[in-house]
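If you want the building blocks of each chain, they are given just below.
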Amino acid sequence: MQKGTSHRRSENMWQPKKYAWRNLQKLADKVDELRQQLPTYEDLSGSVSALLRLQDVYKLDTTELAHGSVGGVPSSQLSAWDCFELGRLSYNEEDFYHTIMWMEEALEKVRHGDPEWYEDNMASIIDYLAFAQYKQGNVRRALQLTNEMLELAPDHERARSNKLYYERVLHDDTDSKKRGEDGEITNKRQLDEYRSGEEYMTYEALCRGENLKKYKHKDRLFCRYRTNDHPLLFLSPAKEEVLYFNPYIAMFHDVISDKEIKMLKTLATPKLGRATVHNPKTGKLETAAYRVSKSCWLSEYDSPDIGMINAKIAAMTGLNMETAEELQIANYGIGGQYEPHYDFARKEENAFKDLGTGNRIATLMYYISDVQAGGATVFPYLGLKVFPKKAAALFWYNLYKNGEGIYDTRHAACPVLVGSKWVSNKWIHERGQEFHRPCGLFEEE
Ligand SMILES: O=C(O)CCC(=O)C(=O)O
Ligand SMILES: [Fe+2]
């Protein structure tokens, strides 16, 4: 008995520690679990770069965005703090163009807002803004701002030394324009070589819906019903709208039902993962800022309905699906995009060599959603822009009859501005097309 009592006593002394430890462990596990659900720094910086991308491509006005309007569509208002964060993250990327835009907006909001915020943060906003103005060549404005800042924080060490520095630059620089004496403040977009080039500029203009002269043979375009003598199309021929002749690009209208679309999204949703691209240097698949979407593959094993969709693609295009890739489903959220690229592999890439099916001879892409704003598919070299239309499919050949890639098919998915964009891609390969699209010695269609 005594033994038992003493044993219990020692157990009691020991147990609180044990329970505390166990509870602590449980708490730590819970925190870990919750942390998984919290946005990461990458989520934050990803959404900031998406917003800046939209702002640039669609030429959105910063003040309108900050006041809750995205190209005329109501959205949530941004607070002074949101604007400040956008400016700060831009600054961390040495993107002074956007730093100026967003810090000016933050300044404006703070000036007309909460006085407490004003006291605490005004100096900080001006600090970022002044340096960004200096970097963008507006030295006089940078000095003006620094003087304002010193009134708020007279002992600010960096502001004091910056003031002396800006004064010296203004004194030494003989170029009055640089000194900003003409009163003009410039804030040029900081573009790398590719983004300041013709291709990228055309891509952006097309995304905005601009009509370009280079879009040829508009007056010869036509629509037709297409059966390809295929039993699947006898009763409901595909409505084909020819959009370009050489290379041939066409839109097939109403070729997928709402029921099929629903089925595709239901099967795809649990499988979606961040889309990857092939890195030619490492040969590996990786995520990239120029392709932002989620995607997955669906096969006949997922549902016999997928087999039916593949059969309909064969009927519409007149091509053999035996060597085609599985059906890809892709979903782009706001800011999601795929910058200009080719669907076919260039010789040096050897991308499909292991498959033994040849290159991607053609692409068929279903639009399985409408998009409220943005999200067009554009072909910069052809001046062609196609806005998503639910239930339609865009089709084009990527290769000439002699197997050479058609470089004019370079195309892009413009960033989604409002809404969510869903597409489904079928990449059709060369092998097996010998009697469907016979090859030729020359390039001609
Ligand atoms: O989504 C689009 O409009 C184009 C997609 C595309 O080009 C691709 O996935 O290769
Ligand atoms: Fe593509």
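Residues numbered from 1 in each chain as written. Chains lettered and ligands numbered in written order. Predicted model: local features only at pLDDT ≥ 70, side-chain atom pairs only at ≥ 80, totals over all residues. Heavy atoms only, no water.

A.B. asks: Go over the site of ligand 1, please, and point to the residues and values.
C.D. replies: Close to ligand 1 lie 13 residues, the nearest being Tyr 332, His 341, Thr 377, His 411 and Lys 421. Contact distances for ligand 1 include 2.7 Å between an oxygen atom and a side-chain N or O atom of Lys 421. Contact distances for ligand 1 include 3.2 Å between an oxygen atom and a side-chain N or O atom of Asn 425. Burial of ligand 1 by the surrounding chains reaches 99%, relative to a free accessible area of 300 Å². Put simply, the parts of the chain that give the shell around ligand 1 at least two residues each are β12 (337–341), β18 (411–413) and β20 (421–429). Per-class residue counts for the shell around ligand 1 are 6 nonpolar, 4 polar and 3 charged. (Near = heavy atom within 4 Å. Polar contact = N/O pair within 3.5 Å; in protein donor to acceptor, adjacent residues only side chain to side chain. Areas by Shrake-Rupley, 256 points an atom, 1.4 Å probe, with all protein chains shown as cover. Helix = DSSP H or I, 4+ residues; strand = E, 2+ residues; numbered from the N terminus. Nonpolar A, V, L, I, M, F, W, Y, C, P; charged D, E, K, R; others polar.)

A.B. asks: Describe a nonpolar patch on the surface, listing the residues and the values that go with them.
C.D. replies: There is a patch of nonpolar side chains on the surface, built from Trp 21, Leu 24, Leu 27 and Val 31 and spanning about 440 Å² of accessible area. Positionally, Val 31 belongs in helix α1 (residues 2–37). (Patch = residues over 30% accessible without salt bridge, like charges linked within 9 Å, V, L, I, M, F, W, Y side chains within 5 Å. Salt bridge = Lys/Arg side-chain N within 4 Å of Asp/Glu carboxyl O.)

A.B. asks: Mind laying out the sheet that holds strand β10 (residues 294–298), listing which residues take part and the relevant values?
C.D. replies: A sheet is described by the order of its strands in space; here 9 strands give the open sequence β3-β4-β5-β17-β13-β20-β11-β10-β6, paired in antiparallel fashion. Where the open sheet ends on each side, the last strands, each with one partner, are β3 (223–226) and β6 (273–274). The pairing of β3 with strand β4 (residues 238–244) spans 4 bridges and is classified as antiparallel. Bridging across to β4, Cys 223 finds its partner in Glu 241. Together, β10, β11 (327–332) and β20 form the strand contacts of helix α11 (residues 258–268), whose direction differs from that of β10 by roughly 105°. (Pairing = 2+ DSSP bridges. Contact = heavy atoms within 4.5 Å. Axes fitted to C-alpha atoms, helices over the stretch in contact; angles between N-to-C directions.)

A.B. asks: Please provide a residue-by-residue account of the pattern of salt bridges, values included.
C.D. replies: According to the stated counting rule, one finds 23 salt bridges in the structure shown. The partner of Asp 32 in a salt bridge is Arg 35, with the nearest N and O atoms 3.7 Å apart. Taken as a pair, Asp 32 and Arg 35 lie in helix α1 at a separation of 3 residues, close to a single helical turn. Overall, Asp 32 belongs to the partly exposed group, its relative accessible area being 41%. A residue is classified by how much of its surface remains accessible, and Arg 35, at 54% relative accessible area, is exposed. Across the salt bridge formed by Arg 158 and Asp 127, the nearest N and O atoms sit 2.1 Å from each other. Taken together, the residues Arg 158 in helix α8 (residues 157–172) and Asp 127 in helix α6 (residues 115–135) connect sequence positions 31 residues apart. The exposure class of Arg 158 is partly exposed, given its relative accessible area of 45%. Judged by its relative accessible area of 14%, Asp 127 is buried. Residues participating in the shared-partner salt-bridge network are Asp 56, Arg 189 and Glu 204. (Buried < 20%, exposed > 50% of the residue type's maximum accessible area, 1.4 Å probe, protein only.)

A.B. asks: Could you give an account of the pairing of strand β5 (residues 249–253), naming the residues involved and the relevant values?
C.D. replies: Burial runs high along β5: 5 of the 5 residues are buried. Going residue by residue along β5, you find Ile 249, Met 251 and His 253 tucked away on one face and Ala 250 and Phe 252 tucked away on the opposite face as well. Of the strand pairs in this sheet, β4 and β5 are connected by 5 bridges, and their pairing is antiparallel. Bridge pairing in β5 places Lys 239 opposite His 253. Where β5 meets strand β17 (residues 393–397), 4 bridges bridge the pair, whose relative direction is antiparallel.

A.B. asks: So what's going on with the UniProt feature "repeat: TPR" (unreviewed entry) in the protein chain? Which residues, and what values?
C.D. replies: Those places that UniProt annotates as "repeat: TPR" (unreviewed entry) correspond, in this numbering, to residues 123–156. Helix and strand shares over residues 123–156 are 79% and 0% respectively, and the end C-alpha atoms of the span are 9 Å apart. (UniProt positions renumbered as here; feature names shortened; annotations may be inferred.)

A.B. asks: Outline the packing of helix α4 (residues 80–92) against helix α5 (residues 96–111), listing residues and values.
C.D. replies: As a packed pair, α4 and α5 sit with axes 8 Å apart at the nearest point and diverge in direction by 160°. As summarised for this structure, α4 and α5 are arranged roughly antiparallel, according to the angle between their axes. With respect to the hand of their crossing, α4 and α5 are arranged in left-handed fashion. Between α4 and α5, the contacting residues are Ala 80, Cys 83, Phe 84, Leu 86, Gly 87, Arg 88, Ser 90 and Tyr 91 on the first element and Phe 96, His 98, Thr 99, Trp 102, Met 103, Glu 105, Ala 106, Lys 109 and Val 110 on the second. Residue classes in the contact of α4 with α5 are distributed as 10 nonpolar, 4 polar and 3 charged. (Parallel < 35°, antiparallel > 145°, perpendicular 65-115°, else oblique. Left-handed = near helix turned anticlockwise from the far one by under 90°.)

A.B. asks: So, the sheet that holds strand β16 (residues 384–386): which residues are in play, and what are the values?
C.D. replies: Here we have 5 strands laid out as an open sheet, ordered β9-β12-β18-β15-β16, and antiparallel in their pairing. Edge positions in the sheet fall to β9 (291–292) and β16, since each of these pairs with one other strand and no more. Of the pairings in the sheet, the one linking β12 to β18 comprises 2 bridges and is antiparallel in character. By the bridge assignment for β18, Tyr 338 is matched with Ala 413. Its contacts with the sheet place helix α9 (residues 198–207) against β12, β15 (377–379), β16 and β18, and it is angled at close to 135° to β12.

A.B. asks: Lay out the state of the cysteines in plain terms, naming residues and giving numbers.
C.D. replies: Taken as a whole, this structure holds 1 disulfide when the rule is applied. Note on cysteine connectivity: Cys 207 is disulfide-linked to Cys 414, with sulfurs 2.0 Å apart. On the sign convention where negative is left-handed, the bridge of Cys 207 and Cys 414, at about -85° about the S-S bond, is left-handed. With Cys 207 in helix α9 and Cys 414 in the loop between β18 and β19 (416–418), this residue pair connects regions lying 207 residues apart in the sequence. Accessibility classification places Cys 207 together with Cys 414 in one group, the buried group. (Disulfide = S-S within 2.5 Å.)

A.B. asks: Describe the coordination of the iron ion (ligand 2), and please don't skip the residues or the numbers.
C.D. replies: The protein atoms that coordinate the iron ion (ligand 2) are His 341 (NE2), Asp 343 (OD) and His 411 (NE2), at distances spanning 2.1 to 2.2 Å. Along the chain, the residues that donate to the iron ion (ligand 2) are spaced as H-x1-D-x67-H. One end of the pair, Asp 343, is in the loop between β12 and β13 (360–367); the other, His 411, is in strand β18, with 68 residues separating them in the sequence. Neither residue differs from the other here; Asp 343 and His 411 are each classed as buried. (Donors = N, O, S within 2.8 Å, 3.2 Å for Na, K, Ca; no water.)

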